[in-house]
Amino acid sequence: GPYVNDEVAELADQLASLTTKSNPKRGREGALFAVHAGNIMKGGDDSDCSEWRFKMISDIMSDSSPVPMLVMPGDNEWADCPSPVVAKSQWMKYFGSL
């Protein structure tokens, strides 16, 4: 996720709360990077594959995460979109360099 807009703030909070190497919490080693395992789109007929959604999620990841992000594409990112070619292009535009 976030699959739906209600989960967007939760993603930002989860990323912001990551323990980093330079800011360890409770004696734990911190993360050097974070991985998102894909499927930022809901999928199915009602999937919002608009460019603004790709940009919004990309902005949240780059603005909220205290460590570099590795974002893996899921099948919902373009295979379930009305125009898979356009959706893949949008994914590459916003996540290909995160």
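Because the structure is a prediction, the values reported are computed rather than measured.

**Q** Describe the pattern of salt bridges, listing the residues and the values that go with them.
**A** All chains considered together, the criterion is met by two salt bridges. A salt bridge links Asp59 to Lys55, with the nearest nitrogen and oxygen atoms 2.7 Å apart. Pair noted here: Asp59 and Lys55 are both in helix H2 (residues 51–64), with a separation of four residues, about one helical turn. Using a relative accessible area of 28% as the deciding quantity, one classes Asp59 as partly exposed.

**Q** Break down unusual backbone geometry for me, citing the residues and quoting the values.
**A** Its identity as a non-glycine residue notwithstanding, Asn39 has a phi of 65°, on the positive side. Residue class for Asn39 comes out buried when judged on its relative accessible area of 18%.

**Q** Now, about a nonpolar patch on the surface: what can you tell me, with residues and values included?
**A** A surface patch of nonpolar side chains, about 500 Å² in accessible area, is lined by Leu32, Phe33, Val35, Leu70 and Met72. Position of Leu32 relative to the elements: it lies in the loop between helix H1 (8–16) and strand S1 (34–36). The exposure class assigned to Leu32 is exposed, which follows from its relative accessible area of 58%.

**Q** Would you mind going over a negative patch on the surface in detail, with residue names and values included?
**A** A cluster of like negative charges, contributed by Asp6, Glu7, Glu10 and Asp13, occupies part of the molecular surface. With respect to the element layout, Glu7 can be found in the segment before H1. Given a relative accessible area of 30%, Glu7 falls into the partly exposed group.

**Q** I'd love a proper account of the nonpolar core, names of residues and values included.
**A** Core analysis: the biggest nonpolar cluster contains 20 residues, and Ile40, Phe54, Ile57, Met61 and Phe95 have the highest contact counts within it. Here Phe54 is in contact with Ile40, Met41, Cys49, Glu77, Ala87, Gln90, Trp91, Tyr94 and Phe95, once residues within four sequence places are set aside.

**Q** Run through the packing of H2 against helix H3 (residues 84–95), naming residues and quoting values.
**A** Any two packed helices are characterised by the angle at which their axes cross and by the distance between the axes. Axis separation between H2 and H3 bottoms out at 9 Å; the angle between their running directions is 25°. Relative to H3, the element H2 lies roughly parallel. For H2 against H3, the interelement crossing comes out right-handed. The residues of H3 that touch H2, namely those facing Glu51, Phe54, Lys55, Ile57, Ser58 and Met61, are Ala87, Gln90, Trp91, Lys93, Tyr94 and Phe95.

**Q** Give me the packing of H1 against H2: which residues, what numbers.
**A** With their axes 8 Å apart at the nearest point, H1 and H2 run at an angle of 25° to one another. Considering the angle they form, H1 stands roughly parallel to H2. Crossing handedness for the pair H1 and H2: right-handed. Of the residues in H2, those in contact with Val8, Leu11, Ala12, Leu15 and Ala16 of H1 are Arg53, Met56, Ile57, Ile60, Met61 and Ser64. Among the residues making up the contact of H1 with H2, the classes are represented as nine nonpolar, one polar and one charged.

Cut-offs used in this document
- Residues numbered from 1 in each chain as written.
- Predicted model: local features only at pLDDT ≥ 70, side-chain atom pairs only at ≥ 80, totals over all residues.
- Heavy atoms only, no water.
- Salt bridge = Lys/Arg side-chain N within 4 Å of Asp/Glu carboxyl O.
- Helix = DSSP H or I, 4+ residues; strand = E, 2+ residues; numbered from the N terminus.
- Buried < 20%, exposed > 50% of the residue type's maximum accessible area, 1.4 Å probe, protein only.
- Patch = residues over 30% accessible without salt bridge, like charges linked within 9 Å, V, L, I, M, F, W, Y side chains within 5 Å.
- Areas by Shrake-Rupley, 256 points an atom, 1.4 Å probe, with all protein chains shown as cover.
- Lys, Arg positive; Asp, Glu negative; His and termini not counted.
- Charge placed at Lys NZ, Arg CZ, Asp CG, Glu CD.
- Core = buried A, V, L, I, M, F, W, Y, C linked by side-chain atoms within 4.5 Å.
- Contact = heavy atoms within 4.5 Å.
- Axes fitted to C-alpha atoms, helices over the stretch in contact; angles between N-to-C directions.
- Parallel < 35°, antiparallel > 145°, perpendicular 65-115°, else oblique.
- Left-handed = near helix turned anticlockwise from the far one by under 90°.
- Nonpolar A, V, L, I, M, F, W, Y, C, P; charged D, E, K, R; others polar.

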